[in-house]
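# Structural characterization, general
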Amino acid sequence: MLRILRHGFAVLLLTLLTQIGGLAWLLALALRRFLPWSGRLVFLALFVCVYAAATLVTHQVAPLFGRMPLPCFTSASLTVRTSFYCALNRNYVTPELKEAAEAFADHMASSFPGTTTLALDANFPFVSGFPLLPHLSHDDGRKLDLALYYRDDGGNFRNGETRSPLGYFAFQQLLANSPQPCADRRRFLTLRWDLAWLQPLFPDWDIEPERMKEALRWLSNEGRNHGIEKVFLEPHIPARLGISNDTIRFQGCRAARHDDHIHIQLR
Ligand SMILES: [Zn+2]
C-alpha cells in the first residue's frame, strides 16, 4: 500500500512539474521487470533514461499538436534562460507565439546589437487547459514569460543574465513615488509573495532602462500586429520608464508579482 502511495505521489508530482514525467515514471515501472538488476538506484537510472527519451520524442512530435519548443541551446537573439526549463518541458508555445517572440527578440537584437532576449516559463507541450504551475494561465500555448533586461552596479548591461538563476523571484525595488496598488491589501489567499528572505541572495541590479523602454514600446505597438494582446507588469516599472499603453496591464494583487519578469500573451 505504501509503495502504491509513493509511486502515486511521484507520478502526480512529475506530471505537475513536467507534464510527461508521470507517464515516464509509469513506463519505467513497467520496463524494470525486464532488467537483470533491481534496486532503487537502478530504477531511478531507468526512469532518467525513459524521461530523457520521452523529452526528445516530445520535442519532435509536439509541433504536430500545435506547440513549438523555444530554443534551449543557441546563440540566437531568443533563448530559454536555463536548460532547466527545457529539461522540464516548460518551453512550448504555439507557432504564432514563437513567431511573435522571435520577431520581438530580433528587433531587440537589431536595436541593441548583441542583445539576447531570455524566455522563462512558457507552456507544456500537450493539451490545452493543462496549467504550467504555478502560472495558472499558462495552459494553452499562448502565454510566455520573458526576463527583464538588467544592468549592474557599474551601469553595464548584463547580456543573457538575470538576477536570479531561474529569472524569477528577484523583485525590483519600488521608488518612493512609485504606484503601489497592493500596499493596503491583506496578504491572504494570494500568490503575491514578496519573498523578502530571498532577496539578499540576489545581486542588486537595476533594470536596463533603454532596452526595457524599447521592449515595452515594441510589445505594445508592433507586438499587436503579431497578436500580442496583453503584457503584464507591475505598474511601477512602466511608470518609471514613462510608458503608458492599454496593452500593458497590472495582473492584480492576487497573482504573483510581475516585477521580476514580463508576461506576454496572444489573443
Ligand atoms: Zn506568465
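Here's what I pulled together on the structure shown here. (Residues numbered from 1 in each chain as written. Predicted model: local features only at pLDDT ≥ 70, side-chain atom pairs only at ≥ 80, totals over all residues. Heavy atoms only, no water.)

### Digging into the state of the cysteines
Within this structure, the stated rule accounts for two disulfides. The side chain of Cys72 participates in a disulfide bridge whose partner is Cys86; the two sulfur atoms lie 2.0 Å from each other. Across the disulfide from Cys72 to Cys86, rotation about the S-S bond amounts to roughly -110°, and the bridge is consequently left-handed. Residue Cys72 is found in the loop between strand E1 (68-69) and strand E2 (78-80), and its partner Cys86 is found in helix H4 (residues 83-87); the two are separated by 14 residues along the sequence. A relative accessible area of 9% means that Cys86 is categorised as buried. The residue that forms a disulfide with Cys182 is Cys253, at a sulfur-sulfur distance of 2.0 Å. (Disulfide = S-S within 2.5 Å. Helix = DSSP H or I, 4+ residues; strand = E, 2+ residues; numbered from the N terminus. Buried < 20%, exposed > 50% of the residue type's maximum accessible area, 1.4 Å probe, protein only.)

### Quick notes on the packing of aromatic side chains
Applying the stated rule across the entire model yields eleven aromatic pairs. For the pair Phe124 and Phe130, a centre-to-centre distance of 5.5 Å together with 85° between the ring planes defines the contact as edge-to-face. Judged by its relative accessible area of 1%, Phe124 is buried. Residue Phe130 is classed as partly exposed on the basis of its relative accessible area of 23%. With centroids separated by 6.4 Å and ring planes inclined at 55°, the aromatic side chains of Tyr150 and Trp205 adopt a geometry described as tilted. In this pair, Tyr150 is assigned in strand E6 (residues 150-151) and Trp205 in the loop between E6 and strand E7 (206-207), connecting sequence segments 55 residues apart. Trp205 shares its class with Tyr150; the two are buried. Among the aromatic side chains, those forming a connected cluster through ring pairs are Trp25, Phe43, Phe47 and Tyr51. (Phe/Tyr/Trp six-rings, centres within 6.5 Å; stacked < 30°, edge-to-face > 60°.)

### So, the pairing of strand E8 (residues 228-232)
Bridging between E8 and strand E10 (residues 261-266) involves four bridges; their strand directions are antiparallel. What sits directly across from Ile228, in E10, is Leu266. One ladder, built from two bridges, connects E8 with strand E9 (residues 248-249); its direction is parallel. Across the sheet, residue Val231 finds its bridge partner in E9, namely Ile248. (Pairing = 2+ DSSP bridges.)

### Quick look at the packing of helix H1 (residues 2-18) against helix H2 (residues 21-31)
Two measures define how a pair of helices packs: the angle their axes make with one another and the distance between the axes. Closest axis-to-axis distance for the H1/H2 pair is 6 Å, and the angle between their directions is 140°. On H2, the residues touching His7, Ala10, Val11, Leu14, Thr15 and Thr18 of H1 are Gly21, Gly22, Trp25, Leu26 and Leu29. The residue inventory of the contact of H1 with H2, partitioned by class, reads six nonpolar, five polar and no charged. (Axes fitted to C-alpha atoms, helices over the stretch in contact; angles between N-to-C directions. Contact = heavy atoms within 4.5 Å. Nonpolar A, V, L, I, M, F, W, Y, C, P; charged D, E, K, R; others polar.)

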